[in-house]
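What follows is each chain in one-letter form.
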Amino acid sequence: MSAEPRRSPPVPLPVTVTRPDGTETTEYVLNLSAGGLCLHVRRPLATGTRVGIALELPDGGARIRAPAWVVWCMREEERAAESRFWEVGLRLEDLVEADRERLGGYVRQPFEDPRGDASA
């Protein structure tokens, strides 16, 4: 079984995360696939926590909204002392198939490197 293609966006991609207590924060994608996201978050999230996410891809389409489960979160001892962020992995749930296809298409497209080189 092969893993889903995963990509790091060429520019910061903001994601609105709605925590279980209803608070919303803007966090940023480190990498993404059609089935999940790795984010930098300012406050850690416990594994097993259900959150809501909303993100806009640069394709100009509608905002993608979905529930997500925290499948892992960096431990305190894994964080660099000077870091303000934790890394957290989210698995998208109940994602509309059209949105899953949009995410998959975004992940598979070549990105232009700021130096002018395309990456696959």
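A brief report on the enclosed structure follows. (Residues numbered from 1 in each chain as written. Predicted model: local features only at pLDDT ≥ 70, side-chain atom pairs only at ≥ 80, totals over all residues. Heavy atoms only, no water.)

**Re the state of the cysteines**
Using the following cut-off: Cysteine sulfur atoms are paired as a disulfide whenever they fall within 2.5 Å.
Evaluation of the coordinates by the stated rule reveals zero disulfides. No disulfide involves C38; its nearest neighbouring cysteine sulfur is the one of C73, lying 9.8 Å away.

**What to know about a nonpolar patch on the surface**
We count it as follows: Put simply, a patch holds well-exposed residues, over 30% relative accessible area, that have no salt bridge, with like charges counted together within 9 Å and Val, Leu, Ile, Met, Phe, Trp or Tyr side chains within 5 Å. For accessible areas, the Shrake-Rupley method is used with a probe of radius 1.4 Å. Any residue's cover is judged against the shown protein chains and nothing else. Whenever Lys or Arg places a side-chain nitrogen within 4 Å of a carboxyl oxygen from Asp or Glu, that contact is recorded as a salt bridge. Only runs of H or I of at least four residues qualify as helices and only runs of E of at least two qualify as strands under DSSP, and these elements are numbered from the N terminus. Under the scheme applied here, a residue whose accessible area is under 20% of the maximum for its type counts as buried, over 50% as exposed, and between as partly exposed, the area being computed with a 1.4 Å probe on protein chains only.
The grouping of W69, V71 and W72 at the surface amounts to a nonpolar patch, some 260 Å² of accessible area in total. Tracing the chain through its elements places W69 in strand β5 (residues 64–73). A relative accessible area of 30% means that W69 is categorised as partly exposed.

**Description of the side chain of R102**
Our working rule: Identification of polar contacts relies on pairs of N or O atoms within 3.5 Å, with a donor-acceptor requirement for protein atoms, meaning one able to donate a hydrogen and the other able to accept it, and with residues adjacent in sequence counted only if both atoms are side-chain atoms. In what follows, a contact means two residues having at least one pair of non-hydrogen atoms within 4.5 Å.
Checked against the element boundaries, R102 lands in helix α1 (residues 97–108). Within the structure, the side chain of R102 is placed 2.9 Å from the side chain of D59, a separation counted as a polar contact. Discounting chain neighbours no more than four positions away, the residues touching R102 are L57, D59, G61, A62 and I64.

**Section: the nonpolar core**
Under the convention used in this document: Only buried Ala, Val, Leu, Ile, Met, Phe, Trp, Tyr and Cys residues count toward a nonpolar core, and they belong to the same one when joined by side-chain atoms within 4.5 Å.
Ranked by internal contacts, the top residues of the largest apolar core, which has 28 residues, are L39, I53 and L90. Broken down by secondary-structure element, the contributors of at least two residues to this core are β1 (14–18), β2 (24–32), β3 (36–41), β4 (50–55), β5, β6 (86–92) and α1. Ranked by residue count, the leading element in this core is β5, at five residues. Apart from the residues lying within four places of it in its own chain, the contact partners of I53 are V15, T16, L37, I64, R65, A66, A68, L90 and L92.

**Some points on unusual backbone geometry**
Look at D94: it is not a glycine, yet its phi comes out positive at around 50 degrees. Mapping D94 onto the fold places it in the loop between β6 and α1.

**Focus: the pairing of β4**
Note the threshold: A strand pair is defined by DSSP finding two or more bridges across the two strands.
Pairing of β1 with β4 involves four bridges; the strand directions are antiparallel. Within β4, the position partnered with T16 by the bridge is A54. Where β4 meets β5, six bridges bridge the pair, whose relative direction is antiparallel. Residue R50 lies in a different strand from β5, and its bridge partner there is W69.

**Let's talk about the pairing of β5**
Sheet analysis places β5 next to β6, joined by five bridges and oriented antiparallel. Paired with V70 across the two strands is L90, which belongs to β6.

**Focus on α1**
Turn by turn, an α-helix covers 3.6 residues, leaving residues three or four places apart pointing in a common direction. Formally: What a helix should span is 1.5 Å times the count of its residues minus one.
A rise of 1.5 Å per residue sets the reference length of α1, with its twelve residues, at 16 Å; its end C-alpha atoms lie 16 Å apart and thus fit the reference within 8%. Within the sequence span of α1, burial applies to D99, R102, L103, G104, Y106 and V107.

**Comments concerning the sheet that holds β1**
Counted only if it meets this: To define axes, lines are fitted to C-alpha atoms, for helices over the stretch in contact only, and angles between the resulting N-to-C directions are given on a 0 to 180 degree scale.
Taken in spatial order, the six strands of this closed barrel run β1-β2-β3-β6-β5-β4, and their pairing is antiparallel. For this sheet, the mean angle separating the axes of adjacent strands, direction not counted, is 45 degrees.

**Some thoughts on the pattern of salt bridges**
Under the definition given, this model contains six salt bridges. Across the salt bridge formed by R42 and E27, the nearest N and O atoms sit 3.5 Å from each other. Highlighted residues: R42 in the loop between β3 and β4 and E27 in strand β2, separated in sequence by 15 residues. The class for R42 is partly exposed, based on a relative accessible area of 44%. For E27, a relative accessible area of 2% gives the class buried. In this structure, the salt-bridge partner of R91 is E93, at a minimum N-O distance of 2.5 Å. One network of salt bridges, in which partners are shared, links D59, D99 and R102.

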